[in-house]
Structures are given as C-alpha cells and as structure tokens.
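# Coordinate inspection notes
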Amino acid sequence: LATREIHGAPIPILSRLVTSTQGAGEFAIGPDGTFVYADVPGSSSLRDRYMVWVSRDGRDEAITAMPREFVYPRISPDGTRIAVYNADEDRDIWIWDLATKTPRRFTFDPAQDVYPLWTPDGRRVIFSSAAGGSKSANLYSQAADGTGAPDRLTMGEIGRAHV
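Presented here is an overview of the structure given in this document. (Residues numbered from 1 in each chain as written. Predicted model: local features only at pLDDT ≥ 70, side-chain atom pairs only at ≥ 80, totals over all residues. Heavy atoms only, no water.)

For the chain, the count of helices and strands is zero helices and 14 strands. Its helices and strands taken in sequence order, the chain reads β-β-β-β-β-β-β-β-β-β-β-β-β-β from the N to the C terminus. By residue count, 39% of the 163 residues in the chain fall in the buried class. Considering only contacts in the chain between residues 6 or more positions apart, those separated by 24 or more positions represent 25%. Counting every atom, the chain has about 9700 Å² of accessible surface; 56% of that belongs to carbon and sulfur. (Helix = DSSP H or I, 4+ residues; strand = E, 2+ residues; numbered from the N terminus. Buried < 20%, exposed > 50% of the residue type's maximum accessible area, 1.4 Å probe, protein only. Contact = heavy atoms within 4.5 Å. Areas by Shrake-Rupley, 256 points an atom, 1.4 Å probe, with all protein chains shown as cover.)

Right, here's the structure in full:
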C-alpha cells in the first residue's frame, strides 16, 4: 500500500453494486484497502440491506445480522469502526464497532442526519443534518465516541451556506 503498486492478478469481489438514486456506489474503502459495501440479495429494497466485509482474497462476511436500510458506509481511519446512515424511520447515523460487532446509535435529532465522514484522526464524525428545525441541511461535527453535543459548522439557507 505504501508504494501504491499493484501485486498479483485482479480478483472480482462483487457481481453487483448497489447505487444511490444519484448513481453513487454504496461502498467505502478503508486506508488499508479493505472494502465494505451494501448487499441486497435479490432485492432492490433499502430494507433488505446488509453490510458486508470483503477480504483481499474476495471472501465476504456479513457484518450485520439483521437487514436495515444502510446507506453511505464510511470506514474509520484506523479500520475499527464504520459510520453508516440508517435510512429507516429514525434516519440517523450509527457507528459499528467491528471488534465487538455491535452498533451504537450516533445521532438522535428527529431530523435526517446523513453523509457521515470521519476526520483524518478518527476522533470526530462530520455529517449533514437539518437539525433544530432548519429549512436546509448544515454540516455538523461530533466526537466519534458520541460524547458532547454536535457542533454546527455551517449556517445555511436553502441554496447557500456560510462557514
């Protein structure tokens, strides 16, 4: 990885890829090259999604036991957690601890909290939300361990935002 050189023959790891309504692939690649994606066996329903971990040799293992409406998975910089938007009735971001295989609800505002991104040090998660009854989404930052209140990073109106 450090030399950014390819070694060995390519291995197909996925016969299909779930995409968002905007056409973006529902996957994430960690800093060490690991790959996680949304799997929808035989269905196009969001409710049928499992998160799946794929090893470098193409073997896959379901991370989640129950299907949920998982969208936008993002692997933490240290590769130990996944921040993912759960598009179910709560419309919140959850963080999965890969070592313990346990989920933790990360956001709790009634508004839709979406598009999680890890800071490079893995200590915070940035996300988009229309929290507090805002008419448009703004960016927020919160400690990755869930402590403290989210910090609002932008002050936006529909069509424009101010940092």
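Structure's up, so let's keep going.
Turning to the packing of aromatic side chains, a few remarks are in order. Enumeration according to the criterion identifies five aromatic pairs in this entry. Arranged with centres 6.2 Å apart and planes meeting at 80°, the rings of F106 and F127 form a pair that is edge-to-face. Pair noted here: F106 is in the loop between β8 (102-105) and β9 (113-118) and F127 is in strand β10 (residues 124-129), with a separation of 21 residues, a long-range link. Seen in terms of ring centroids, F127 and Y140 are 5.9 Å apart; in terms of plane orientation they differ by 20°. Their pairing is stacked. Of this pair, F127 sits in strand β10 while Y140 sits in strand β11 (residues 138-143), placing them 13 residues apart in sequence. (Phe/Tyr/Trp six-rings, centres within 6.5 Å; stacked < 30°, edge-to-face > 60°.)

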